[in-house]
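# Structure at a glance
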Amino acid sequence: MKRYLFILLSCHSIILLAGCAPKTIITEKPLIELIQPETSPQRAASLRLTEEGKAYLQSGNLIKASEVLEKAITIDTSNPYAYYYFARLRSEKGEHKQSLGLLSKAEILFKDNQFWLSNVYSLMGRNHESLFQHNDAKKRYEQALKLNEENIEAKEGIERLPK
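Thresholds applied
- Residues numbered from 1 in each chain as written.
- Predicted model: local features only at pLDDT ≥ 70, side-chain atom pairs only at ≥ 80, totals over all residues.
- Heavy atoms only, no water.
- Axes fitted to C-alpha atoms, helices over the stretch in contact; angles between N-to-C directions.
- Helix = DSSP H or I, 4+ residues; strand = E, 2+ residues; numbered from the N terminus.
- Parallel < 35°, antiparallel > 145°, perpendicular 65-115°, else oblique.
- Left-handed = near helix turned anticlockwise from the far one by under 90°.
- Contact = heavy atoms within 4.5 Å.
- Nonpolar A, V, L, I, M, F, W, Y, C, P; charged D, E, K, R; others polar.
- Phe/Tyr/Trp six-rings, centres within 6.5 Å; stacked < 30°, edge-to-face > 60°.
- Buried < 20%, exposed > 50% of the residue type's maximum accessible area, 1.4 Å probe, protein only.

### Focus on the packing of helix H2 (residues 41–59) against helix H4 (residues 80–92)
Their axes nearest at 9 Å, the elements H2 and H4 cross at an angle of 25°. Classified by the angle their axes make, H2 and H4 are roughly parallel. Crossing of H2 over H4 shows left-handed handedness. Here H2 contributes Arg43, Leu47, Thr50, Lys54 and Leu57 to the contact with H4, which in turn contributes Pro80, Tyr81, Ala82, Tyr85, Arg88, Leu89 and Glu92. Here the contact of H2 with H4 is composed, by residue class, of seven nonpolar, one polar and four charged.

Take a look at the structure:
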(Lines give C-alpha, C1' and ligand atoms only; values in the text may rest on other atoms or scores of the structure.)
Protein backbone atom coordinates (compact mmCIF):
# COMPACT_ATOMS: atom_id res chain seq x y z
CA MET A 1 0.00 0.00 0.00
CA LYS A 2 2.80 2.41 0.91
CA ARG A 3 4.55 1.62 -2.37
CA TYR A 4 1.36 2.32 -4.35
CA LEU A 5 0.86 5.63 -2.53
CA PHE A 6 4.49 6.61 -3.21
CA ILE A 7 4.11 5.83 -6.92
CA LEU A 8 0.83 7.74 -7.08
CA LEU A 9 2.33 10.80 -5.38
CA SER A 10 5.42 10.63 -7.59
CA CYS A 11 3.30 10.56 -10.75
CA HIS A 12 1.18 13.44 -9.47
CA SER A 13 4.34 15.47 -8.77
CA ILE A 14 5.65 14.82 -12.27
CA ILE A 15 2.36 15.97 -13.78
CA LEU A 16 2.44 19.13 -11.67
CA LEU A 17 6.02 19.89 -12.62
CA ALA A 18 5.25 19.30 -16.28
CA GLY A 19 2.52 21.92 -16.18
CA CYS A 20 -0.18 19.45 -17.12
CA ALA A 21 -2.08 19.63 -13.86
CA PRO A 22 -5.79 20.37 -13.99
CA LYS A 23 -6.73 24.03 -13.56
CA THR A 24 -8.63 23.19 -10.36
CA ILE A 25 -5.46 23.17 -8.26
CA ILE A 26 -6.01 26.02 -5.86
CA THR A 27 -3.05 27.27 -3.84
CA GLU A 28 -4.53 30.10 -1.80
CA LYS A 29 -4.03 29.87 1.94
CA PRO A 30 -6.70 28.06 3.97
CA LEU A 31 -9.80 30.16 4.58
CA ILE A 32 -9.99 29.02 8.19
CA GLU A 33 -7.01 31.32 8.80
CA LEU A 34 -9.49 34.19 8.33
CA ILE A 35 -11.44 33.11 11.41
CA GLN A 36 -10.64 35.40 14.33
CA PRO A 37 -12.14 35.59 17.84
CA GLU A 38 -14.42 38.43 16.68
CA THR A 39 -15.65 36.46 13.62
CA SER A 40 -19.37 35.76 13.85
CA PRO A 41 -20.37 32.11 14.30
CA GLN A 42 -22.22 32.21 10.95
CA ARG A 43 -19.16 33.52 9.08
CA ALA A 44 -16.88 31.03 10.83
CA ALA A 45 -19.15 28.11 9.91
CA SER A 46 -19.50 29.37 6.35
CA LEU A 47 -15.72 29.74 5.95
CA ARG A 48 -15.16 26.22 7.27
CA LEU A 49 -17.73 24.86 4.82
CA THR A 50 -16.19 26.87 1.99
CA GLU A 51 -12.79 25.38 2.78
CA GLU A 52 -14.38 21.91 2.77
CA GLY A 53 -16.08 22.65 -0.56
CA LYS A 54 -12.79 23.91 -1.98
CA ALA A 55 -11.17 20.59 -1.02
CA TYR A 56 -13.97 18.62 -2.71
CA LEU A 57 -13.57 20.82 -5.78
CA GLN A 58 -9.83 20.16 -5.87
CA SER A 59 -10.39 16.42 -5.60
CA GLY A 60 -12.94 16.47 -8.42
CA ASN A 61 -15.95 15.59 -6.27
CA LEU A 62 -18.21 18.23 -7.80
CA ILE A 63 -21.44 16.86 -6.36
CA LYS A 64 -20.23 17.02 -2.77
CA ALA A 65 -18.51 20.38 -3.43
CA SER A 66 -21.80 21.77 -4.73
CA GLU A 67 -23.74 20.61 -1.67
CA VAL A 68 -21.22 22.05 0.77
CA LEU A 69 -20.76 25.37 -1.04
CA GLU A 70 -24.51 25.91 -1.33
CA LYS A 71 -24.77 25.34 2.41
CA ALA A 72 -21.93 27.83 3.03
CA ILE A 73 -23.82 30.49 1.05
CA THR A 74 -27.07 29.72 2.88
CA ILE A 75 -25.37 30.17 6.25
CA ASP A 76 -23.64 33.44 5.29
CA THR A 77 -24.87 35.19 2.16
CA SER A 78 -22.06 37.74 2.44
CA ASN A 79 -19.19 35.22 2.24
CA PRO A 80 -17.46 36.13 -1.04
CA TYR A 81 -15.22 33.05 -1.01
CA ALA A 82 -18.22 30.72 -1.12
CA TYR A 83 -19.57 32.54 -4.19
CA TYR A 84 -16.15 32.44 -5.87
CA TYR A 85 -15.59 28.72 -5.38
CA PHE A 86 -19.18 27.89 -6.28
CA ALA A 87 -18.69 29.94 -9.47
CA ARG A 88 -15.48 28.01 -10.19
CA LEU A 89 -17.40 24.77 -9.75
CA ARG A 90 -20.20 25.90 -12.08
CA SER A 91 -17.62 26.96 -14.65
CA GLU A 92 -15.95 23.54 -14.51
CA LYS A 93 -19.34 21.93 -15.06
CA GLY A 94 -19.78 24.05 -18.20
CA GLU A 95 -22.46 26.22 -16.58
CA HIS A 96 -20.77 29.46 -17.61
CA LYS A 97 -23.76 31.80 -17.41
CA GLN A 98 -24.58 30.61 -13.90
CA SER A 99 -20.93 31.01 -12.95
CA LEU A 100 -20.98 34.61 -14.19
CA GLY A 101 -24.03 35.33 -12.00
CA LEU A 102 -22.22 34.03 -8.92
CA LEU A 103 -19.11 35.98 -9.85
CA SER A 104 -21.13 39.20 -10.06
CA LYS A 105 -22.05 38.73 -6.42
CA ALA A 106 -18.44 37.86 -5.51
CA GLU A 107 -17.27 40.99 -7.37
CA ILE A 108 -19.44 43.18 -5.14
CA LEU A 109 -18.34 41.42 -1.96
CA PHE A 110 -14.62 41.52 -2.86
CA LYS A 111 -14.69 45.22 -3.80
CA ASP A 112 -11.90 46.07 -1.32
CA ASN A 113 -9.69 43.03 -1.97
CA GLN A 114 -7.57 43.45 -5.12
CA PHE A 115 -6.11 39.94 -5.08
CA TRP A 116 -9.47 38.19 -4.94
CA LEU A 117 -11.12 40.67 -7.26
CA SER A 118 -8.40 39.88 -9.78
CA ASN A 119 -9.25 36.18 -9.43
CA VAL A 120 -12.94 36.98 -9.94
CA TYR A 121 -12.22 38.93 -13.14
CA SER A 122 -9.96 36.17 -14.41
CA LEU A 123 -12.66 33.55 -13.92
CA MET A 124 -15.18 35.88 -15.55
CA GLY A 125 -12.81 36.08 -18.49
CA ARG A 126 -12.59 32.31 -18.72
CA ASN A 127 -16.39 32.02 -18.66
CA HIS A 128 -16.78 34.65 -21.40
CA GLU A 129 -14.09 32.90 -23.41
CA SER A 130 -15.97 29.59 -23.10
CA LEU A 131 -19.11 31.35 -24.30
CA PHE A 132 -17.14 32.73 -27.30
CA GLN A 133 -17.61 36.28 -26.00
CA HIS A 134 -14.02 37.21 -26.76
CA ASN A 135 -14.33 40.98 -26.32
CA ASP A 136 -15.84 40.53 -22.86
CA ALA A 137 -13.21 37.93 -22.03
CA LYS A 138 -10.41 40.30 -23.03
CA LYS A 139 -11.91 43.10 -20.94
CA ARG A 140 -12.12 40.86 -17.85
CA TYR A 141 -8.60 39.47 -18.28
CA GLU A 142 -7.29 43.03 -18.60
CA GLN A 143 -9.16 44.04 -15.43
CA ALA A 144 -7.62 41.08 -13.63
CA LEU A 145 -4.11 42.01 -14.74
CA LYS A 146 -4.61 45.66 -13.81
CA LEU A 147 -5.30 44.55 -10.23
CA ASN A 148 -2.67 41.80 -10.15
CA GLU A 149 -0.12 41.70 -12.95
CA GLU A 150 1.05 38.29 -11.69
CA ASN A 151 -2.35 36.65 -12.33
CA ILE A 152 -1.25 33.67 -14.42
CA GLU A 153 -4.77 32.61 -15.38
CA ALA A 154 -5.44 36.07 -16.84
CA LYS A 155 -2.10 36.14 -18.68
CA GLU A 156 -2.77 32.73 -20.20
CA GLY A 157 -6.33 33.72 -21.03
CA ILE A 158 -5.32 36.78 -23.01
CA GLU A 159 -2.78 34.68 -24.93
CA ARG A 160 -5.48 32.14 -25.87
CA LEU A 161 -7.85 34.72 -27.30
CA PRO A 162 -7.97 35.16 -31.09
CA LYS A 163 -5.97 38.11 -32.29
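On we go.
### Quick notes on the packing of helix H5 (residues 96–109) against helix H6 (residues 114–130)
The axes of two packed helices give the description: the angle between them and the distance between them. One can describe the packing of H5 onto H6 by two numbers: an axis separation of 10 Å at closest approach and a directional angle of 160°. Considering the angle they form, H5 stands roughly antiparallel to H6. Regarding H5 and H6, the two cross each other, and that crossing is left-handed. Taken together, the residues of H6 that come into contact with H5 (itself represented by His96, Ser99, Leu100, Leu103, Ser104, Ala106 and Glu107) are Leu117, Val120, Tyr121, Leu123, Met124, Asn127, His128 and Ser130. For the contact of H5 with H6, the class distribution of residues is eight nonpolar, six polar and one charged.

### Thoughts on the packing of aromatic side chains
A complete count under the given rule lists seven aromatic pairs for this structure. Between tyrosine 84 and tryptophan 116 the ring centres are 5.3 Å apart and the planes differ by 80°, which places this aromatic pair in the edge-to-face class. Note that tyrosine 84 is positioned in helix H4 and tryptophan 116 in helix H6, a separation of 32 residues in sequence. Across the pair, exposure class does not vary: tyrosine 84 and tryptophan 116 are buried alike. Ring geometry for tyrosine 85 against tryptophan 116: centres 6.0 Å apart, planes inclined by 75°, an arrangement best described as edge-to-face. Of this pair, tyrosine 85 sits in helix H4 while tryptophan 116 sits in helix H6; the two residues are 31 residues apart in sequence, bridging distant segments of the chain. Its relative accessible area of 0% is what places tyrosine 85 among the buried residues. Linked through ring pairs, Tyr81, Tyr84, Tyr85, Phe110, Phe115 and Trp116 together constitute an aromatic cluster.

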